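Observations on the model geometry
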Amino acid sequence: MNAKIDYQTTVINTLKEDIADMAYDASKFSVNPGKDFTRKRKMDFYNLIMFLIVMGNSNTDYELVKYFNFDSEQLPGKSAFIQQRSKLKTDSILHLMKVFNSHYQLGVYKGKYNLIAVDGCEFNIYRNPNDPDTYYEPSEKTTLGYNMIHTIPLYDIISKRYLDIEFQPSRKKNEFLAYCNLVDRYEKKVHTAVFIADRGFASYNCFAHTINSEHKFVIRAKDVNVKRYLKLDDLPEHLDTEVSLILTRSNSKKKRLHPEKSENYRFVCKAVTFDFIDENHPEYELNLRIVRFDLGNGNFENIITNLLQDECSVEELKELYWMRWKIETSFRDLKHTIGTENFHSKSVNFVSQEIIARMILFNFSTTIISMAVVEKGSRKHTYQVNFSMAMKLCIGYLQAGGNGCDIISLMSKFILPIRENRIYARQHRFHPPVSLNYKFI
């Protein structure tokens, strides 16, 4: 067995063993411990989890037939599958994703940082006008109205793996809260984590949670935010400065602990969430670095960070923020290459299961794809494997249970030239959910 086959076999066996370990102690992941998953069934705990991961875009009945190898004697009914998945705790699939990730190191940037992108991604789910938290009235997008849930995942930019996720009803989404929860849950690794996020995450609370967790952040900010931080009416074209802010809930100058620093004080009203001010701690000092630079097309970008000037230059900050775009392309592959938009349930809880299961499938695939190297040889351009094709090969390999073929060498035959710094206008399109009855093979 060559090294490539050995590696892909190790990856698939690792996933299988992680599921088997969960199945051995299924009570930990059951809604009713000691009762659920105690009887012998065709759709047992192990097959339930594996089926959720490898399930394709066809209707549930056909996916069950495929998974059980067209064997009518072993085939469970769709209702049996639904009953079994209802016994899983909400975070069971998320636990598997984290356990699988723990076997493989995160990517490292310049030998010192793990780059973790944070961004929101929305999914259209089955239409239900009776759910006010997810339902949107008819509009230009659709004459029927639609339902949507909002997700905020953590994504390792270098290794291309999802690490964690928060789910929120789209009408009640709170990205500040989701960011803080994700950062607080993140387990500190050997290297320092740098959380990179768009301007929807620029808030005092997000900055403070990251600093208190001993991590770093690079977050884009609007002009209005930067003006408030610096107390400026107009912003210069270029900026690289460090500022110390003292946050307080009181506007009273008499209550200030550092009256000599009056210019540093910023009032935070009670309507704005900030978790580090209370009766015992009426003030919070927040040290930020604010960078502003020209994008070259007449537009300017503002970056808020706690990476100091001797830790990260302006050019490096530009590169870090540019790399954040990789989470956007990962959403495209997650939704369309893997087919995460095609759900097999109307339940929000079950939809959440399927999204995380698809993320595990995504991580499984990228872990194998990372070993595929395309030699430049006499080619004019540098090439990379076709990520979409490579991912489909990995999915087929897992669905087949691992058949010993060398898929790493196979995916190296499907390649594309690397085209750096290509820019496309973002296209916003509405994709209604596919009906449960008309999913195609």
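See above for the structure.
Residues numbered from 1 in each chain as written. Predicted model: local features only at pLDDT ≥ 70, side-chain atom pairs only at ≥ 80, totals over all residues. Heavy atoms only, no water.

**Describing the pairing of strand S5 (residues 161–169)**
Across a regular strand the side chains alternate sides, sitting on one face of the sheet and then on the other. So the rule is basically this: Any residue under 20% of the maximum accessible area for its type is buried, any over 50% is exposed, and the rest in between are partly exposed; the area is computed with a 1.4 Å probe on protein chains only. Strands here are runs of E lasting at least two residues and helices are runs of H or I lasting at least four, both read from the DSSP assignment and numbered beginning at the N terminus. In this analysis, strands are considered paired if DSSP registers two or more bridges between them.
Among the 9 residues of S5, 7 are classified as buried, and the element is accordingly described as predominantly covered. Of the strand pairs in this sheet, strand S4 (residues 146–156) and S5 are connected by 8 bridges, and their pairing is antiparallel. From the neighbouring strand, Leu154 faces S5, where its bridge partner is Asp164. What sits between the antiparallel neighbours S4 and S5 is a turn of 4 residues, in which Lys160 has the positive phi angle 60 degrees.

**Re the side chain of Glu166**
This is how the line gets drawn: We define a polar contact as two N or O atoms separated by no more than 3.5 Å, with the added condition that, inside protein, one atom must be a possible hydrogen donor and the other a possible acceptor, whereas residues neighbouring each other in sequence contribute only through side-chain atom pairs. The contact rule is simple, with two residues in contact once any of their heavy atoms fall within 4.5 Å.
Relative to the helices and strands, Glu166 resides in strand S5. A polar atom in the side chain of Glu166 sits 2.7 Å from the side chain of Arg185. Excluding residues within four positions of it along the chain, Glu166 makes contact with His150, Thr151, Ile152, Ala178, Asn181, Leu182 and Arg185.

**Here's the deal with the packing of aromatic side chains**
For clarity, the threshold we go by: Between the rings of Phe, Tyr and Trp (Trp by its six-membered ring), a pair exists once the centres lie within 6.5 Å; its type follows the angle of the planes, with under 30 degrees stacked, over 60 edge-to-face, and the other angles tilted. Throughout this description, the term charge over a ring refers to an Arg CZ or Lys NZ atom that lies within 6 Å of the ring centre and within 35 degrees of the ring normal.
Evaluation of the coordinates by the stated rule reveals 22 aromatic pairs. Between Phe51 and Tyr67, the ring centres sit 5.5 Å apart and the planes meet at 70 degrees, which makes this aromatic pair edge-to-face. Of the two residues, Phe51 is situated in helix H2 (residues 45–54) and Tyr67 in helix H3 (residues 60–67); the sequence distance between them amounts to 16 residues. In textbook terms, an aromatic cluster arises when at least three aromatic residues are bridged by ring pairs, as seen for Phe51, Tyr67, Phe68 and Phe81. Above the face of the Phe37 ring, Lys87 is positioned so that its terminal group lies 5.9 Å from the ring centre.

**Some thoughts on the state of the cysteines**
Definition in use: Here, two cysteine sulfur atoms that lie within 2.5 Å of each other are counted as a disulfide.
Using the criterion set out here, one finds 0 disulfides in the structure. Cys269 takes part in no disulfide bond, and the closest cysteine sulfur to it belongs to Cys206, at a distance of 16 Å. The class of Cys269 is partly exposed, set by a relative accessible area of 31%. Here Cys405 stays unpaired: no disulfide links it, and the sulfur of Cys394, its closest cysteine neighbor, is 9.8 Å away. Accessibility expressed as a relative area gives 31% for Cys405, which makes it partly exposed.

**Some words on H2**
The buried fraction of H2 amounts to 9 of the 10 residues, a majority that puts the element mostly inside the structure. Taken together, the buried positions of H2 are Phe45, Asn47, Leu48, Ile49, Met50, Phe51, Leu52, Ile53 and Val54. Tucked inside the fold, the buried residues of H2 contact helix H1 (3–24), H3, helix H4 (78–85), helix H5 (92–101), helix H11 (348–369) and helix H12 (387–399).

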